[in-house]
Amino acid sequence: AAAAAAAARAAAPPGGRTWRPVVRMHGLNADSHAMLHAAKWIESDFAGIHTRSAVVGDGKASSWFMNINEQVASFARDVRSDPKLARGFNLIGHSQGGLVGRAYIERFNDPPVYNFVSWSSPHAGQYGVPDLNYFCPDADCPWLDALMSALAEGRAHEIQEHVSFAAYWKDPLNYQRYLDTNIFLADINNERDTKNATYRKNFASLNAVSLQYTTVDHIVVPKNSPWFEFFTLGQEAATTPLRESAAYKDDLIGLRSLDERGRLFLYETHCRHPDYPREVCKNYYEQYTRPFLNNSMPAAAAAWAE
């Protein structure tokens, strides 16, 4: 079985086809170099595949301080600048990168995403103080405590234009203020009274979605937010399971539609939050990501004739 798997990984796609390209979008406190291990895994598994690590802004600082809506627009410009992506691609987003990638799908999706893989991205929002020193030591981020204090005091709306993660901070104890003032998450989750039909259409058009969360997440709160599960409104203890949530039952962005067609996949890992693109978590890539990259398209010249 191992030999057969190795042969499958090394083989070119059949019939003169080409592997569908893969784009990787890094998370917070990272830059385009953060997912190099993942690039090597993919390129080893799929001979001749084109991969791209999206370049958004000016690196780590932009991941923190660039308005997240501009990050989405920058991502769109970046993928459109690569002619090898013109006919579409598979997308892997890590942490905040999964939110940027999903927003691209909903707002642009041109060129189109085929399969979307999300590594521990807080799709339902963030509410709670992560292990800050674990995430970014005081010596590197001396300002982080002050930012988290501002969020805890209910001032996300004051800083979200300039601090990316404030734009997906969601207070279950003051949900109306979140709806009234949030500039990003409430929009891409279609939570307001006026719904964006294009968002739902684009996300539901995906061939498959792999949502991965980790049981040992010290960054995302609640840790099952990557499955679109969040604190039940009005309290901050219990979370509402995905299929009992309004997002799912009302099919706000197409999750129920994907699920009913067998296109939504939920996976649990035991990988530390920052380690998804690192060698220590390669086994989860092999189980829950690689199968979603194993697809091809007609070679460019042949595509014009089809």
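Each remark here, short or long, concerns the structure printed above.
Throughout what follows, the structure given in this document is the object of discussion. Within every chain, residues take consecutive numbers counted from 1 along the sequence as written. Where totals are concerned, whole chains, interfaces and linings use all residues; where local detail is concerned, this predicted model gives features only for residues with pLDDT of at least 70, and gives and counts side-chain atom pairs only at 80 or more. Side-chain figures throughout are based on the complete set of non-hydrogen atoms in the structure, without hydrogens or water.

### So, the state of the cysteines
Only a pair of cysteine sulfur atoms within 2.5 Å counts as a disulfide in this structure description. In this structure the tally under the stated criterion is 1 disulfide. The residue that forms a disulfide with Cys-271 is Cys-281, at a sulfur-sulfur distance of 1.9 Å. Sign of the S-S torsion, about 110° for the bond between Cys-271 and Cys-281, identifies this disulfide as right-handed. Of this pair, Cys-271 sits in the loop between strand E9 (264-269) and helix H14 (282-288) while Cys-281 sits in the loop between E9 and H14, placing them 10 residues apart in sequence. With a 1.4 Å probe rolled over the protein chains alone, any residue whose accessible area is under 20% of its type maximum counts as buried; one over 50% counts as exposed, and the rest are partly exposed. Exposure remark for Cys-271: the relative accessible area of 1% places this residue in the buried category. Given the relative accessible area of 3%, Cys-281 is considered buried. The helix and strand labels rest on DSSP assignments: H or I over at least four residues marks a helix, E over at least two residues marks a strand, and numbering proceeds from the N terminus.

### Some thoughts on the packing of aromatic side chains
Pairing of aromatic rings covers Phe, Tyr and Trp, the last through its six-membered ring, and needs centres within 6.5 Å; plane angles under 30 degrees mean stacked, over 60 mean edge-to-face, and all others mean tilted. Going through the model one piece at a time under the given rule, you end up with 19 aromatic pairs. Consider the rings of Phe-75 and Tyr-104, whose centres lie 5.1 Å apart with planes at 65°: the pair is edge-to-face. With Phe-75 in helix H4 (residues 68-80) and Tyr-104 in helix H5 (residues 96-107), the pair connects residues that are 29 residues apart, well separated along the chain. By relative accessible area, Phe-75 is classed as buried at 0%. Joined through ring pairs, the aromatic side chains of Phe-265, Tyr-267, Tyr-284, Tyr-288 and Phe-292 make up one cluster. Taking NZ or CZ as reference, Arg-20 lies 3.7 Å from the ring centre of Tyr-114, over its face. In our convention, an over-ring charge means Lys NZ or Arg CZ found within 6 Å of a ring centre and within 35 degrees of that ring's normal. We note Lys-170 situated over the ring of Phe-230; from NZ or CZ to the ring centre the distance is 5.0 Å.

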